[in-house]
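Listed here are the chains, written in short residue letters.
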Amino acid sequence: MELRIGNGYDVHALEEGLPMWLGGVNIPSAVGFVAHSDGDVAIHALCDAILGALALGDIGHLFPDTSPEWKGIDSKILLAKVVALIAGRGWRVGNADITIALQVPKLAPHILSMRETLARVMGVPVDAVSVKATTTERLGFVGRGEGCEVWASVTVIKP
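Residues numbered from 1 in each chain as written. Predicted model: local features only at pLDDT ≥ 70, side-chain atom pairs only at ≥ 80, totals over all residues. Heavy atoms only, no water.

S.K.: Before we go on, may I ask you to explain the pattern of salt bridges in this structure?
M.R.: Where charged atoms of side chains with opposite charge meet at close range, the side chains can pair. Counted under the stated rule, the structure contains three salt bridges. For Lys-76, the salt bridge identified is with Asp-74, shortest N-O distance 3.0 Å. Residue Lys-76 is classed as buried on the basis of its relative accessible area, which comes to 18%. Taking the relative accessible area as the measure of exposure, Asp-74 reaches 28% and is therefore partly exposed. Among the ionic pairs, Asp-97 bridges to Lys-132, the shortest N-O distance being 2.4 Å. Here Asp-97, found in strand 5 (residues 92–101), pairs with Lys-132, found in strand 6 (residues 129–134); they are 35 residues apart in sequence, far enough to count as distant. According to the relative accessible area criterion, Asp-97 is partly exposed, its value standing at 31%. (Salt bridge = Lys/Arg side-chain N within 4 Å of Asp/Glu carboxyl O. Buried < 20%, exposed > 50% of the residue type's maximum accessible area, 1.4 Å probe, protein only. Helix = DSSP H or I, 4+ residues; strand = E, 2+ residues; numbered from the N terminus.)

S.K.: Whenever I open this one, the layout of surface pockets confuses me. Can you help?
M.R.: A probe matching the size of a water molecule, rolled over the atoms, marks out where space remains unfilled. In this structure, the largest pocket occupies an estimated 270 Å³ of space. Along its surface, the largest pocket is lined by 16 residues, and Ser-37, His-44, Ile-59, Phe-63 and Asp-65 are the ones closest to its centre. Secondary structure elements with two or more residues in the lining of the largest pocket: strand 1 (2–16), helix 1 (41–53) and helix 2 (59–62). Top element by residues in the lining of the largest pocket is strand 1. It accounts for three residues. Residues belonging to the lining of the largest pocket are distributed by class as follows: eight nonpolar, five polar and three charged. (1 Å grid on protein atoms, 1.4 Å probe; cavity = no way out; pocket = protein on both sides within 12 Å on 5 of 7 lines; lining within 4 Å. Points joined across faces, edges and corners; volume = space filled by probe spheres on them. Nonpolar A, V, L, I, M, F, W, Y, C, P; charged D, E, K, R; others polar.)

S.K.: Just checking my understanding: could you explain a nonpolar patch on the surface for this structure?
M.R.: Judged by side-chain polarity, Tyr-9, Val-11 and Trp-151 come together as a nonpolar surface patch covering roughly 270 Å² of accessible area. Tracing the chain through its elements places Trp-151 in strand 7 (residues 147–158). For Trp-151, a relative accessible area of 39% translates into the label partly exposed. (Patch = residues over 30% accessible without salt bridge, like charges linked within 9 Å, V, L, I, M, F, W, Y side chains within 5 Å. Areas by Shrake-Rupley, 256 points an atom, 1.4 Å probe, with all protein chains shown as cover.)

S.K.: Sorry, what's going on with the sheet that holds strand 4 (residues 31–33) here?
M.R.: Spatially, five strands are ordered 4-1-7-5-6 in an open sheet, and the strand pairing comes out mixed. Of all strands in the sheet, those bounded by a partner on one side alone are strand 4 and strand 6. Sheet twist, expressed as the mean angle between neighbouring strand axes with direction ignored, is 20 degrees. Judged from the six bridges that link them, strand 5 and strand 6 form a sheet pairing that is parallel. Bridging across to strand 6, Ala-101 finds its partner in Thr-134. (Pairing = 2+ DSSP bridges. Axes fitted to C-alpha atoms, helices over the stretch in contact; angles between N-to-C directions.)

S.K.: Sorry if this is basic, but what is going on with unusual backbone geometry here?
M.R.: Peptide bonds are, in most cases, trans, and in most cases residues other than glycine have a negative phi. The amide bond that connects Val-104 to the next residue, Pro-105, takes the cis arrangement and shows omega of 5 degrees. With respect to the helices, strands and loops of the structure, Pro-105 is situated in the loop between strand 5 and helix 4 (111–122). Positive phi, close to 70 degrees, is recorded for Arg-138, a residue that is not glycine. With respect to the secondary-structure elements, Arg-138 resides in the loop between strand 6 and helix 5 (140–143). The class for Arg-138 is exposed, based on a relative accessible area of 63%.

In structure tokens:
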């Protein structure tokens, strides 16, 4: 069995009147993410981590924001495509650990739903997906409510 580790990072600006998708879940909020796709910054970081584990580039390379094909796309579709890509090479996701930095809204009520959604798309058990949320104590662009940062780490396994 082979094992590899990947890390991903993504950031999106917030703007009033846009939907907020995180971890495949629509979060009730007055602000949402500015993006070419649905802006799910958590899934974008996760995709980058999976791709990085196998040195396959990043989602900007696979799904460029200059392409109308990806305009407004549900990021769960992008994640499913990334998982299928690595499966075609004999790999599968082992586990994922995601940290979301966002000042508001509070994400605790949505964590389990995010874990369940991500696990379903990746084809792993829920206990293989960790989602954590934090604020930045009002420091930096996240603390000022201007954006969101997400870090993701994954293991991928080739049996």
